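This is what each chain is made of:
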Amino acid sequence: MVGTIPNINLAYLVPAFPLMGFLITGLAGKRLKHNQGGIIASAMIFFSFIISVVLFYLLRSSGQDSATITLFNWIAVGNMNIPFAFLIDHLSLTMMLVVTGVGSLIHVYSIGYMHDDERVNSFFAQMNLFTFSMLLLVMGANYLVLFIGWEGVGLCSYLLIGFWFKNPAFNYAARKAFIMNRIGDLGFILGIILLFFTFKSVSFSEIFAQASLMHAGGPIITLITLLLLVGAVGKSAQIPLYTWLPDAMAGPTPVSALIHAATMVTAGIYMIARSSILYNLAPITLNVITAIGLTTAIVAAIIGLRQNDIKKVLAYSTVSQLGYMFLALGLGAYSSAVFHLTTHAFFKALLFLGAGSIIHAMGGEQDIRKMGGLRKKMPITYFTFLAATLAISGIPPFSGFFSKDMILSKAFEHNVILYFLALGGALLTCFYMFRLFYLVFFGEQRLAGAHPHESPKVMTIPLIILGVLSVFGGFLNIPSLFGGNLSFSNFLQSAVSSKVSEEISSTTEIELIILSLVLLILVIGIAYRTYVRKANLPARDGEPMSIWSRIVVNKFYIDKTYMILVEKPYSSFSNFLFNKVETKVLNPIVDGIGEATSRIGILTRKLQRGNMSFYFFAMVAGILLFIVFILTI
Amino acid sequence: MKDISSAIQLIPLEHYILLSVALFSIGLMGVLFRRNTIIILMCIELMFNSVNLLVTAFAAYHSDPSGQVFVFFIMIVAAAEVAVGLSILVMMKRNVDSVDINLLNRLKW
Amino acid sequence: MAFLFYMLSAIMIISALFVVFSKNPVDSVIYLIICFIGMAGQYILLNAQFLAVVHVIVYTGAIMVLFLFVIMLLNLNKEIIVRKSKVTRISAVITGGIFFLVMVAATRQVIEIHPRYPFSGTVGLVSEVGKTLFHEFLLPFEISSVLFISAMIGAVMFGKKDEVKNFKS
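Residues numbered from 1 in each chain as written. Chains lettered and ligands numbered in written order. Predicted model: local features only at pLDDT ≥ 70, side-chain atom pairs only at ≥ 80, totals over all residues. Heavy atoms only, no water.

Caption draft 1: Region of interest: the overall build of chain C. A tally of helices and strands in chain C yields 7 helices and 0 strands. Written out in order from the N terminus, the α and β elements of chain C read α-α-α-α-α-α-α. Considering only contacts within chain C whose residues lie at least 6 apart along the sequence, 61% involve residues at least 24 apart. Total accessible area on chain C is roughly 10,000 Å²; 73% of this is exposed by carbon and sulfur atoms. (Helix = DSSP H or I, 4+ residues; strand = E, 2+ residues; numbered from the N terminus. Contact = heavy atoms within 4.5 Å. Areas by Shrake-Rupley, 256 points an atom, 1.4 Å probe, with all protein chains shown as cover.)

Caption draft 2: Focus on the interface of chain C and chain A. The interface of chain C with chain A comprises 11 residues on the first partner and 8 residues on the second. For the pairing of chain C and chain A, the buried interface totals around 760 Å² over both sides, and the portion due to carbon and sulfur atoms is 85%. When the buried surface of chain C facing chain A is broken down by residue, Thr95(C), Phe99(C) and Val102(C) rank first, second and third, together holding 48% of it. Across the chain C-chain A interface, the total number found is 0 salt bridges. Counting across the chain C and chain A interface gives 0 residue pairs in polar contact (both at pLDDT 80 or more). When grouped by side-chain class, the residues that make up the side of chain C that touches chain A number 6 nonpolar, 4 polar and 1 charged. (Buried area = accessible area lost by both parts, 1.4 Å probe. Salt bridge = Lys/Arg side-chain N within 4 Å of Asp/Glu carboxyl O. Polar contact = N/O pair within 3.5 Å; in protein donor to acceptor, adjacent residues only side chain to side chain. Nonpolar A, V, L, I, M, F, W, Y, C, P; charged D, E, K, R; others polar.)

Caption draft 3: Focus on a nonpolar patch on the surface. Residues and elements named next belong to chain C. There is a patch of nonpolar side chains on the surface, built from Phe 3, Leu 4, Met 7, Ile 11, Ile 30 and Ile 34 and spanning about 520 Å² of accessible area. Those elements giving two or more residues to the nonpolar patch turn out to be helix H1 (2-21) and helix H2 (25-45). Among the elements that make up the nonpolar patch, the one with the highest residue count is H1 (4 residues). Along the chain, Ile 34 falls in helix H2. For Ile 34, a relative accessible area of 36% translates into the label partly exposed. (Patch = residues over 30% accessible without salt bridge, like charges linked within 9 Å, V, L, I, M, F, W, Y side chains within 5 Å. Buried < 20%, exposed > 50% of the residue type's maximum accessible area, 1.4 Å probe, protein only.)

Caption draft 4: Summary view of the environment of Tyr31(C). All names here are of chain C. Note on placement: Tyr 31 falls in helix H2. For the pair formed by Tyr 31 and Ile 11, sequence separation is 20 residues and the distance between their alpha carbons is 10.0 Å. With sequence-adjacent residues up to four places away left out, Tyr 31 is seen in contact with Ser 15, Phe 18, Val 19 and Ser 22.

Caption draft 5: Representation of the packing of aromatic side chains in the model. Evaluation of the coordinates by the stated rule reveals 49 aromatic pairs over all chains. Taken together, a centroid distance of 5.1 Å and an interplanar angle of 65° make the contact between Tyr382(A) and Phe383(A) edge-to-face. Exposure remark for Tyr382(A): the relative accessible area of 12% places this residue in the buried category. Relative to Tyr59(C), the ring of Phe36(C) has its centre 5.1 Å away and its plane inclined at 65°; by these criteria the two rings are edge-to-face. Of this pair, Phe36(C) sits in helix H2 while Tyr59(C) sits in helix H3 (residues 49-73), and the two are 23 residues apart along the sequence. Overall, Phe36(C) belongs to the buried group, its relative accessible area being 0%. The class for Tyr59(C) is buried, based on a relative accessible area of 0%. Above the ring of Phe163(A), the side-chain terminus of Arg119(A) is found at 4.5 Å from the ring centroid. (Phe/Tyr/Trp six-rings, centres within 6.5 Å; stacked < 30°, edge-to-face > 60°. Lys NZ or Arg CZ within 6 Å of the ring centre and 35° of its normal.)

Caption draft 6: Structural detail: empty space enclosed by the protein. Residues and elements named next belong to chain A. Inspection of every chain in the model, using the stated rule, returns 4 cavities of 30 Å³ or more. Taken as a whole, the largest cavity holds about 80 Å³ of empty space. Lining the largest cavity, in full, are Ser 393, Gly 394, Phe 401, Lys 404, Asp 405, Leu 408, Leu 423, Ala 426, Ser 516 and Leu 520. When residues of the lining of the largest cavity are traced back to their parent elements, those giving at least two are helix H18 (399-414), helix H19 (416-441) and helix H22 (506-533). Sort the elements by how many residues they give to the lining of the largest cavity and H18 lands first, with 4 residues. In the lining of the largest cavity, the residues fall into 5 nonpolar, 3 polar and 2 charged. (1 Å grid on protein atoms, 1.4 Å probe; cavity = no way out; pocket = protein on both sides within 12 Å on 5 of 7 lines; lining within 4 Å. Points joined across faces, edges and corners; volume = space filled by probe spheres on them.)

Caption draft 7: Structural detail: the packing of helix H14 (residues 310-330) of chain A against helix H15 (residues 334-361) of chain A. Residue and element names in this part refer to chain A. Here H14 crosses H15 at 175°, and the two axes come no closer than 9 Å. By the angle between their axes, H14 is roughly antiparallel relative to H15. Across the interface between the two elements, Ile 310, Lys 311, Leu 314, Ala 315, Ser 317, Thr 318, Gln 321, Tyr 324, Met 325, Ala 328 and Leu 329 of H14 pack against Tyr 334, Ser 336, Ala 337, His 340, Leu 341, His 344, Lys 348, Leu 351, Phe 352, Ala 355, Ile 358 and Ile 359 of H15. A breakdown of the residues in the contact of H14 with H15 according to their chemical character gives 15 nonpolar, 6 polar and 2 charged. (Axes fitted to C-alpha atoms, helices over the stretch in contact; angles between N-to-C directions. Parallel < 35°, antiparallel > 145°, perpendicular 65-115°, else oblique.)

Caption draft 8: Layout of helix H6 (residues 138-159) of chain C. For H6(C), built from 22 residues, the straight-helix expectation of 32 Å at 1.5 Å per residue is met to within 8% by its first-to-last C-alpha distance of 32 Å. Burial in H6(C) covers these residues: Ser144(C), Ala151(C) and Ala155(C). Relative to the axis of H6(C), the buried residues are bounded by an arc of 35° and lie together on one face. For H6(C), exposure combined with an orientation more than 90 degrees from the buried face picks out Leu139(C), Val146(C), Val156(C) and Met157(C). Residues of H6(C) that are buried make contact with helix H4 (65-96) of chain B. (Expected span 1.5 Å × (residues − 1). Arc of directions from axis to C-beta.)

Caption draft 9: The arrangement of the interface of chain B and chain C in detail. Listed as interface residues are 79 residues of chain B and, on the opposing side, 81 residues of chain C. On inspection of chain B and its partner chain C, the count reaches 0 salt bridges. For the interface between chain B and chain C, the tally reads 4 residue pairs in polar contact (both at pLDDT 80 or more). Only helix H1 (2-10), helix H2 (13-33), helix H3 (37-62) and H4 of chain B provide two or more residues apiece to the side of chain B that touches chain C. If one sorts the elements of the side of chain B that touches chain C by residue count, H4(B) sits on top with 24 residues.

Caption draft 10: Layout of the nonpolar core. Grouped together as the largest cluster of nonpolar side chains are 202 residues, with contacts concentrated most on Tyr143(A) and Trp244(A). With sequence-adjacent residues up to four places away left out, Trp244(A) is seen in contact with Lys176(A), Ala177(A), Met180(A), Asn181(A), Gly234(A), Lys235(A), Ala237(A), Ile259(A), Met264(A) and Val265(A). Among the nonpolar cores identified, the runner-up in size contains 79 residues, and Leu23(B), Leu86(B), Ala52(C) and Val129(C) belong to it. (Core = buried A, V, L, I, M, F, W, Y, C linked by side-chain atoms within 4.5 Å.)

Caption draft 11: Quick look at the pattern of salt bridges. All names here are of chain A. Considering all chains together, one arrives at 9 salt bridges over all chains under this definition. Between Arg 274 and Asp 89 there is a salt bridge, with the nearest N and O atoms lying 2.8 Å from each other. With Arg 274 in helix H11 (residues 265-274) and Asp 89 in strand E2 (residues 80-89), this pair connects stretches of sequence that are 185 residues apart. By the burial criterion, Arg 274 is buried, and Asp 89 matches it. Two residues, Glu 151 and Arg 182, come together in a salt bridge whose shortest N-O distance is 2.6 Å. Here Glu 151 is found in helix H5 (residues 143-161), whereas its partner Arg 182 is found in helix H6 (residues 168-199), with 31 residues between them in sequence. Owing to a relative accessible area of 34%, Arg 182 belongs among the partly exposed residues under this scheme. Each member of the salt-bridge network shares a partner with another, and the members are Glu 151, Arg 182 and Asp 185.

Caption draft 12: Up close: unusual backbone geometry. The residue after Ile239(A), namely Pro240(A), is reached through a cis peptide bond having omega 5°. Of note, Pro240(A) is situated in the loop between helix H8 (219-235) and helix H9 (244-247). Even without being a glycine, Lys200(A) presents a positive backbone phi close to 60°. For Lys200(A), the position within the fold is in the loop between H6 and helix H7 (204-211). Positive phi outside glycine occurs at Asp97(B), with the angle close to 60°. Looking at the element boundaries, Asp97(B) is found in the segment after H4. Given a relative accessible area of 58%, Asp97(B) falls into the exposed group.

Caption draft 13: Region of the structure containing H11(A). Here H11(A) lies mainly inside the structure; 10 of its 10 residues are buried. Among the residues of H11(A), those classed as buried are Val265(A), Thr266(A), Ala267(A), Gly268(A), Ile269(A), Tyr270(A), Met271(A), Ile272(A), Ala273(A) and Arg274(A).

Caption draft 14: Structural detail: the side chain of Gln238(A). Residues and elements named next belong to chain A. Relative to the helices and strands, Gln 238 resides in the loop between H8 and H9. Here Thr 296 takes part through its side chain, which lies 3.3 Å from a polar atom of the side chain of Gln 238. Not counting residues up to four positions away in its chain, the partners in contact with Gln 238 are Val 233, Ile 292, Gly 293, Thr 296, Val 319, Leu 322, Gly 323 and Phe 326.

Distances and angles like these do not, on their own, reveal function.
Listed below in structure tokens is the structure:
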């Protein structure tokens, strides 16, 4: 396992480029011309991508599974010894390729999208910092380096969601994201501390080596995995901490794409996949993950059915898809989860960038009820969006089909009920995505006075590349049913230890695929009938609704529940502290100290009378006291 | 020459210490006692010299010439100090037309 | 020879007291000179001939003459009229006495030192001190010249009238 691979030290450059880009665009942002910042930032991420590709081939040709590169010895206190090291293995390489590849496309796209913003250079600085943090997260060779990236990602998401900070609602959304993440981070850091106390190390290799000797189901390992799970739930927006993600749509659209596709939300999935050895030892935690993932997938999909903001629909679909990844993790199929993460990165980035292109064209309008008929006006966006929609719905041979089908078949193996629930979620996904698609691109244009136009090339080229990836990305991991050999899963085999076999008997699988395919086509048909033939429009705000739809439109009242359960008691407690404790107790104490100091000052001022001979006396008295003090010791 | 240097053996070191301390205390008393700044400067010189004497006595008892070199340096510093101190005195006389230490009563800002 | 030491000590202490208590500053200077000559005698008794000579030249010869010059220049050779208040004077004497007692008490705790080596008559000679000075303490010796220069510049700056200011304004 340990060995030197020539030129592996190139790995330093992967995070170094975005950091450099951040420093250049951040520090010299005012001096750069309007668009130079974007070009520099995109180039930096692209260089990182190239180096990641080089690393990929280096690792492959060396025949080794992993390489650890120590940058410097970071913390050495007592028996704690934590190097600042990077771990290059198949899992982190996959993540690096996704982060830098999709990230660079999003950066290029942003050059066009953010063209008219006055703070465009600081936007790119923050984007680069975001990518840098994410790379640190996926490359770290121990939990502490991972945690730095984890926190950096949280900070950058705060900055970017609140990028248009002049709008108080956006600021509020940024704060909400930050606080929600913070709750998760608390669990995560407790988990790291507990890991350190259990294994006397935070390094992946040492912990996993020790953990593989342990028995499954121990209470400590369950507690550790649950605490780490809390962090993952916060970062990857699962129930009950998912509410920040839909609000995070306040940021510019490329930020949403970056958060949802390449960075941030995938961190939780990555962390659990990375800790797969630990999770395999904790069956209870795996069941919790399965439950959380499935609930999130279905609940978010139901909410997505009645959303009218194009970005909100996509946000809920992200939450739902992350739920699927959690489901896969909970079933022990870690490489399926990472595979779905990869394909999801392609088509979700594409969907967001397409949505950005549409919003750009509609002059900032985000309500899908006001769009329509964009098929002719924006052909490139239309086709790429179609590819992404088919991919997320799981229509073969698009990429989403392979990854989602893999998760569904795992669910079927585990439990038939689980399978049908997951399939139901997938059908809901298909419905709301086609609802969105038909409302936006078909029918008549419903917004008067708008002149939609195709976006500039700098925006459409990333769309096309992502479109190609969305279509063909699934071929990375073709199951044996279609004559493939699961190359992606096998590639990850050395880094994650899957609990279940990635294969399934082909006769069952073909039946399942046919079943889901028939249902999917049925759902698409229903969506077509409703929104294109009948041209039904979703209800306007304020129109009377049935109780059921009112609950859904209000997102199951989860935000309101949090408001009542958490925020109200918290703010009344804060008020109590302010009114009673602070003003009645703390302020008098603090004021009293100040008052006493000035009183003493007034008294002792009289000693300072300015007379030389008095000073002589004082000095001699001081010396005398000093000598006497020494003598008496 | 031999007679003189043999005197050291007769006198215990304590007596040199006592003499130095006595001279030092007198100098200290003078600093506190007088108002005339020039007398205060002279008392400071007296204190310097009592310390010099003590250091020399110790050096002699240790047969170590570096103690005497130290005394030499103290003399250098004392000479510099006198030069500066007397010029301050001259300036004081020029400005307030007196050398009374009690007139220097503005040292509180 | 011990007799010589005690006699010189008595002369020194008495003249030092006169320095403090005499009314005329010129008298104080004369008494201080007497005290310093006694101290030169003590140096000779300690077999420190070099220091004795330097002491006579520097202190009695230069510094005390400087004091006298200043007294004459500033016309200070008058009897004092105003003294400090009685309370201050008494407390000054008491403070000095207490200091003396405390220091004597401190010497009681000092471990008694006897001459460690057989006395060599050459320790205090010019050649010995010179060798030590220019071998071990050459750098401090050279640096002390910087101290002198700065003291001299400071004295000149203080002693000068504010002519520069007048030129500028």
